[in-house]
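What follows is the residue order along each chain.
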Amino acid sequence: MAWPCLALACLMSCGQPDDVPAGSLDALIPQPQQVVPGGADFRCDGVLSVSWPEGWTAERAVVESWLAQAGIRVQSVEGNEAALRFVLDPNESRAEAYVLNIDSEGVDIQAGTAAGLFRGWTTLRKMMPVACETGCSGGFTLPGVAIEDAPVMEHRGLLLDGCRHFQDVEFVKKQVELLALHGMNVLHWHLTEDQGWRIDVPSRPRLTEVGAWRTEADGSLHGGFYTAEEMREVVAYAAARHIEVIPEIEMPGHSSAALAAYPQLGCTGDSLEVPHRWGVFKDIYCAGNEETFRFLEEVVDEVAEVFPGPRVHIGGDEAPKVRWAACPKCQRRMKEEGLANEEELQRWFIGRMGRYLATKGKTIIGWDEILEGGLPEGAAVQSWRGMGGAAEAVHLGADVVVSPTSHCYLDYPLRSTDLEEAYSFNPLPDSLTHGPGRILGGEGNMWTEHAPQELVESKVYPRLTALAEVYWSGPKRTTKEGGYADFLSRLDAFYPRLDAMDVAYGLEAPPFAVATQSGDRGGLQVVVQALGRGVEGRGEWTGDGRTISSDAPFEVYGRGDVEMEVGRRGTWTGRVESFPLDGHGAVYAPIELGYDPSPWYTGGGDQALVDGRLGTGDFRDGAWQAKQGADMMATVDLGGVRTISALETGAYLYQDAWIFMPESVLWEGSLDSTSWFVLADTGPSAVLKRNDRQERRVLQAPLLEPGLQARFVRMTVSNAGPCPDWHAAAGSDSWVFLDEMVIRLESEP
Ligand SMILES: [Zn+2]
C-alpha cells in the first residue's frame, strides 16, 4: 500500500466529505515568492505517514507536537512511501529556501537546509485548515499547489523589551512560536535597562536582588528576572524553530538598574534607585573604572554561556556624556588612550567590549549611536533614528539591521504608525543596495514602557504581520500597486489562525475619529466616525448618560466624555476609547487668532479652540493647539451681547518636553471689538517651578464680578518664557499647549 493516508481517507471519509475541513492558499503571510495552484487535492483522513530527514530532531519534535495537538496520528516511514516527505536537497544552497508541492499523492517539502525545511513546514501549516490548530482528528484536505520560496532578507526579527515590563517565560515562548508562524528568524531580547535588570548572573547577586525590581509611583513592586535555565529553555525553543535569540546587554547607558545594584560602577559612586520613570538617565557605567569592565566581562561570560548564537547586541544608544565629562577617571582614560572627546571614549568602550566578546566567538550589534565617534571594528549597526544611520553604516562597509521609528516601532500608537504605514516600509531603498556594507534585514521594535505583558500582543500584531511580509517577500512585492489590498485579503484569512492561537492582536488603525460642528439647537453636534475595516462603536455620552453609536450624530451641551467601545469583525472587544468634549456657549463661534499655530500642533485647524474637542493626557492626540516662544491671543464673536457665567481653558504640562503652563491668562470682553474691559485674569502663576507631571490642567478664570456682558471675548495666554536654568534645554523657547476656549453663558440650556 503506497499511500496509507489516502487509502484510509477513502475508507473512512468518502461517505461524508463535508465534515473534512479544507485547507487553502488564502492565508499565506508572508506571501511566498511563487505560488502555482492547480492539480488534485491531497486528502488525509487523520493518519499521516511522514518521512523525516536525517538530523532533524528538534524540528521533528515541533512538527510532531503540532500534529498531535491537531489530533492527526503520525506514522513515521522511510522515503517515498510517506504522504508527507521532508527531503534535504544538496543542490539547494540558499539558507532558508524551500520547494513545496502538493498533489493527490501527498506533500513534498524540499530544501537545502534544516532551516529551509522548517520554513516549508510553516507554509504548509498555514495552508492547513484553521480547525487543525485546535483539532481536526477527522482529517483534512489540502489544495494542489507548487510553491517555490525563499526570503529576500536574511534577518527578520522582533525586538522584545523584557525590562520596562517583565514578561514570563511562557509568554516569551509564545512570541517565539508566533515569530516562527510569520517566517521570522530573530528574537532580539532586550534584557538590561534602566528600569530593570533581567539576567541572573550568579557572581553578581545584587543584579537580581536589587536591579530586577523597582517601586512604581503607586508604591507597588514590579520586576522579575530569568534564570540561566529559563533563558536556555527559550533559546532551545527558538532554535528548534530556526530562530536566533540575540540578547541585548545595554552599555554604556541605560544602566541605572545595574548601577542601583553596584553603585561603584558609576562615575559618582552615588547610590541610586531602580527608576520607575521613563526617559534617558545621565548616570551610566564609568569608562575610567576597571571595575566596570570586570563586571561587564562577568556578565558577558554568563551571556555567552547561555546564548550560543553568534551575535550579542550591546545597545550603545542614548548615553548622555555629562558624567564622563565631569569624571576624573573618565578624563584620565581619554588622555591615556588619546581620545579627543567623550564620543570617542564611547567608541573605545564599545570597542573594548567588542574585542572581549570576540574572544567568546561573538560579534556585536549596536544602535546607530555607535557610529558617533567612529564605528568600532566589526560591529553591525541597527538603525533606528530614520535610515540615515543605515546609509552611513553601509557606506562604512558594516552589516546593517533596520528598524526606523517611522515604520517599525510597534509600541507607537496607531495614529503614528498604522498597519498600512508598517506595510509600506521599504527596508531596501535603491540607494543602500550598492555596498560596501549590506542591509541584512529588519526588525519590529516592541518597547514596553506603556505595555505590561497583557498589552504587548495588541501592539505587536498585526503590524509585525505586515513587517514579516516586508522582510520575507521583499519591498518589490509589498510596495507594488495593489500589494496592500492583496495583503489585507490574506490577513482576513490569517486572523482566525491568530484567534485559534489565542493571540490578543490589536487594531489596524485608530478605531474612531470625532468630528464636531455647530448643532441645530445651539449645542455641539458630534459624530464618532468608525474608521478602519470592520470597526463599529457603541457607547455613552457621559454628559447625560445617553446611549450613542458610531456614525450616528448627536447634539450635546456642556462637559462630558464620549465613551465608545470598539467592535471589530462583529465582536465587541471591551476596549473603550474616550473623547472629552465640551458643548459650551462659544462652540463654532467665529474666531480670530493673533498667532500662527505650530504646523505640528494645529489642534485640527483655525477653529480648534472652539471646536468643543478637549485635549487628553496625550499632547499628540490631535486636539491640542500649540505655540513655541510666543503669546497666544484669540478673539471670538458670540454674535450678540451675552451674559458670561464662566471662563476656562485647558493647558498641557510636560516640562521634559519643554511644555510649560502659561505665565498668565487674561480674559477681556467688548461690546464693539474696539474698547475692551477685563473679564478675568488668572494672574501670574508659579509656572516655572520644577514639576515632573505630564497632564492636562484646567485653568479656570474667576470672573471679576458676576453678570458681566460682552459680545466679543478675547483670551491672551502668556508664554512662560525660555526654559529655566535647571531645565535640560535651559534658554530654549518653551511651548504652550491649549485645547479650548471654554465660554459659558447664562442662557445655556
Ligand atoms: Zn567615570
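Up top is the structure these notes are about.
The present account deals with the structure reproduced in this document. Since we're looking at a predicted model, the values are computed, not measured.

## Some thoughts on the sheet that holds strand β22 (residues 512-518)
- Read across the sheet, three strands follow the order β22-β23-β26 without closing on themselves; strand pairing throughout is antiparallel. Since the sheet does not close on itself, it has two edges, and those belong to β22 and β26 (554-556), each with one partner. The mean angle between the axes of side-by-side strands here comes to 35°, regardless of whether they run parallel or antiparallel.
- Two strands pair when backbone bridges link them, and β22 and strand β23 (residues 524-530) are joined in this way by seven bridges, in the antiparallel orientation. Within β23, the position partnered with Ala513 by the bridge is Gln529.

## Structural notes on helix α10 (residues 328-337)
- Restricting attention to buried positions, one finds in α10 the residues Cys330, Arg333 and Met334. With its buried residues spanning 100° around the axis, α10 presents them on a single face. Exposed side of α10, more than 90 degrees from the buried face: Pro328, Lys335 and Glu336 are the residues found there.
- Buried residues belonging to α10 abut α8 (290-306), α9 (322-326) and α11 (342-359).
- Gly338 lies just past α10 and shows a positive phi near 65°.

## A word on the packing of helix α2 (residues 57-69) against helix α3 (residues 114-127)
- At a closest axis distance of 11 Å, the pairing of α2 and α3 adopts a crossing angle of 10°. With respect to α3, the element α2 is oriented roughly parallel. With respect to the hand of their crossing, α2 and α3 are arranged in left-handed fashion. Facing α2, whose interface residues are Glu59, Val62, Val63, Trp66 and Leu67, α3 presents Ala114, Phe118, Trp121 and Arg125.
- Of the residues in the contact of α2 with α3, the class split is seven nonpolar, no polar and two charged.

## Focus on helix α18 (residues 483-500)
- For α18, spanning 18 residues, the distance from its first C-alpha to its last is 26 Å, which sits close to the expected 26 Å at 1.5 Å a residue.
- Along α18, the helix axis deviates most sharply at Asp492, where the bend reaches about 35°; the proline Pro496 sits within four residues downstream.
- Among the residues making up α18, those that are buried are Gly483, Tyr484, Phe487, Leu488, Arg490, Leu491, Phe494, Tyr495, Arg497 and Leu498.
- Where the residues of α18 are buried, they touch α3, α4 (169-181), α14 (419-423), α16 (463-473), α17 (475-478) and β27 (558-568).

## A closer look at the layout of surface pockets
- When its volume is computed, the second largest pocket comes out at roughly 740 Å³.
- Lining the second largest pocket are 24 residues, and of these Arg277, Val280, Lys282, Asp656 and Arg690 lie nearest its centre.
- Among the residues making up the lining of the second largest pocket, the classes are represented as nine nonpolar, seven polar and eight charged.

## Section: the sheet that holds strand β24 (residues 535-541)
- Read across the open sheet, the four strands follow the order β25-β24-β27-β28; overall the sheet is antiparallel. The sheet is open, and its two borders are formed by β25 (546-549) and β28 (571-583), each paired with just one other strand. The sheet shows a mean angle of 25° between the axes of neighbouring strands, direction not considered.
- With seven bridges connecting them, β24 and β27 associate as antiparallel partners. When the bridges of β27 are listed, Arg538 appears paired with Glu565.

## A short note on the coordination of the zinc ion
- Donor atoms from the polypeptide that coordinate the zinc ion comprise Cys267 (SG), Cys286 (SG), Cys327 (SG) and Cys330 (SG), at 2.3 to 2.4 Å from the metal.
- What the four donor atoms of the zinc ion show is an angle range of 106 to 113° at the metal, which sorts the shape as tetrahedral.
- In terms of primary sequence, the donors binding the zinc ion are separated according to C-x18-C-x40-C-x2-C. Both residues of the pair, Cys327 and Cys330, belong to the buried class.

## Digging into empty space enclosed by the protein
- Taken as a whole and assessed by the stated rule, the structure comprises three cavities of 30 Å³ or more.
- Approximately 60 Å³ is the volume found for the largest cavity.
- What lines the largest cavity is simply Pro30, Tyr98, Arg119, Thr122, Thr123, Lys126, Asp149, Gly183 and Trp472.
- In terms of residues, the lining of the largest cavity owes the most to one element, α3, which gives four residues.
- Along its surface, the second largest cavity is lined by Phe42, Leu48, Leu67, Leu84, Val107, Trp121, Leu124, Met128, Phe140 and Leu142.
- Within the residue set of the lining of the second largest cavity, elements represented by two or more residues are α3 and β8 (140-142).
- Considering only residue class, the lining of the second largest cavity consists of 10 nonpolar, no polar and no charged.

Reading the values: rules and limits
- Residues numbered from 1 in each chain as written.
- Predicted model: local features only at pLDDT ≥ 70, side-chain atom pairs only at ≥ 80, totals over all residues.
- Heavy atoms only, no water.
- Pairing = 2+ DSSP bridges.
- Helix = DSSP H or I, 4+ residues; strand = E, 2+ residues; numbered from the N terminus.
- Axes fitted to C-alpha atoms, helices over the stretch in contact; angles between N-to-C directions.
- Buried < 20%, exposed > 50% of the residue type's maximum accessible area, 1.4 Å probe, protein only.
- Arc of directions from axis to C-beta.
- Contact = heavy atoms within 4.5 Å.
- Parallel < 35°, antiparallel > 145°, perpendicular 65-115°, else oblique.
- Left-handed = near helix turned anticlockwise from the far one by under 90°.
- Nonpolar A, V, L, I, M, F, W, Y, C, P; charged D, E, K, R; others polar.
- Expected span 1.5 Å × (residues − 1).
- Bend = angle between axes of the 7 residues up to and from the residue.
- 1 Å grid on protein atoms, 1.4 Å probe; cavity = no way out; pocket = protein on both sides within 12 Å on 5 of 7 lines; lining within 4 Å.
- Points joined across faces, edges and corners; volume = space filled by probe spheres on them.
- Donors = N, O, S within 2.8 Å, 3.2 Å for Na, K, Ca; no water.
- Tetrahedral: all angles 85-135°; square planar, octahedral: opposite > 155°, others 65-115°.

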